[in-house]
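The residues making up each chain are set out below.
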Amino acid sequence: MKKSYLAIGIIFVSIVAAVVFWPKQKTEIPPRQKEMQQLSSVPAGENFETQSNSEGGVTIEVTPKSIDEGTFVIVLNTHSVELNDDLTRAAVLKDENGKEYRPMSWQGAPPGGHHREGILKFGPLLPKPQKIKLIINGIGGIPERKFLWTILP
C-alpha cells in the first residue's frame, strides 16, 4: 500500500514539475501583425482608445495615431461584401466647432477583398480641437458611422 502511494506521489510531483518547468514555446508575431502594432502606437500623451462599429456585416476599427498630424489607423473586416470603398471619399473629420477636414491620403490596402487596414491621413488639425468626430459614410450599406474622441489639453 505504501508503495502505491509513493508511486502516485512521484507521478504527481513529476507532472507538476513538467508543467512548471517545461520550456515555454516562443510565439512569433506575423510580420503584418507587427506592422499594425507599430501603426497603432500613439505618441505619449495621445493614448486614444480604439473604437469599433460592426453594422451592416462590416466591422470598422478606428484608432487615432496622432491628433497633431491628423492620422488614424483604420481596420476593416467583413465576410459578406467586397471592401471597394475609397476611404478618402467616404470619411470626414469634424471638430467641436463644426470645422470639417477631408482626408489627404490613404496609406494601406487597396480597394477590394474582405480585410483592409492602413492609415487615413487628414493633415494637421489646427487649432488643436478639444473633440473630434470621424464620420465614415456608406461602408457596408450603412449611411453613417461615427467615432468620437475627447482630447485632453
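Anything mentioned here points back to the structure above.
These lines cover the structure that appears in this document, whether it is placed above or below. (Residues numbered from 1 in each chain as written. Predicted model: local features only at pLDDT ≥ 70, side-chain atom pairs only at ≥ 80, totals over all residues. Heavy atoms only, no water.)

Thoughts on the overall build of the protein
- Secondary structure summary: the protein contains three helices and nine strands in total.
- From first element to last, N terminus to C terminus, the protein shows the α and β order α-α-β-β-β-α-β-β-β-β-β-β.
- Each of the 153 residues in the protein was classed as buried or not, and the buried ones make up 33%.
- Taking the contacts inside the protein whose residues are at least 6 apart along the sequence as the reference set, 52% of them involve residues at least 24 apart.
- Counting every atom, the protein has about 10,000 Å² of accessible surface; 59% of that belongs to carbon and sulfur. (Helix = DSSP H or I, 4+ residues; strand = E, 2+ residues; numbered from the N terminus. Buried < 20%, exposed > 50% of the residue type's maximum accessible area, 1.4 Å probe, protein only. Contact = heavy atoms within 4.5 Å. Areas by Shrake-Rupley, 256 points an atom, 1.4 Å probe, with all protein chains shown as cover.)

Description of the sheet that holds strand β6 (residues 105-108)
- Here five strands make up an open sheet; going across it, the order is β1-β2-β3-β7-β6 and the pairing antiparallel. At either margin of the open sheet sits one strand with a lone partner, and together these are β1 (51-53) and β6. Shown here is a sheet whose adjacent strand axes are inclined to one another by a mean of 25°, direction ignored.
- Pairing analysis gives eight bridges linking strand β2 (residues 58-66) to strand β3 (residues 71-78), with the strands arranged antiparallel. The residue of β3 that forms the bridge with S66 is T71. (Pairing = 2+ DSSP bridges. Axes fitted to C-alpha atoms, helices over the stretch in contact; angles between N-to-C directions.)

A look at the packing of aromatic side chains
- Tallied over the full model, the rule gives two aromatic pairs.
- Relative to F122, the ring of F72 has its centre 5.7 Å away and its plane inclined at 85°; by these criteria the two rings are edge-to-face. Taken together, the residues span a long stretch of sequence, with F72 in strand β3 and F122 in the loop between β7 (115-121) and β8 (131-136) at a distance of 50 residues. Neither residue differs from the other here; F72 and F122 are each classed as buried.
- Where F72 meets W149, the ring centres are 5.9 Å apart and the plane angle is 45°; that geometry is what we call tilted. Here F72 is found in strand β3, whereas its partner W149 is found in strand β9 (residues 145-150), with 77 residues between them in sequence. We note that F72, like W149, is buried. (Phe/Tyr/Trp six-rings, centres within 6.5 Å; stacked < 30°, edge-to-face > 60°.)

Considering the side chain of T71
- Mapping T71 onto the fold places it in strand β3.
- For T71, a relative accessible area of 5% gives the class buried.
- With near-sequence residues (within four places) excluded, T71 lies in contact with P64, K65, S66, I119, L120 and K121.

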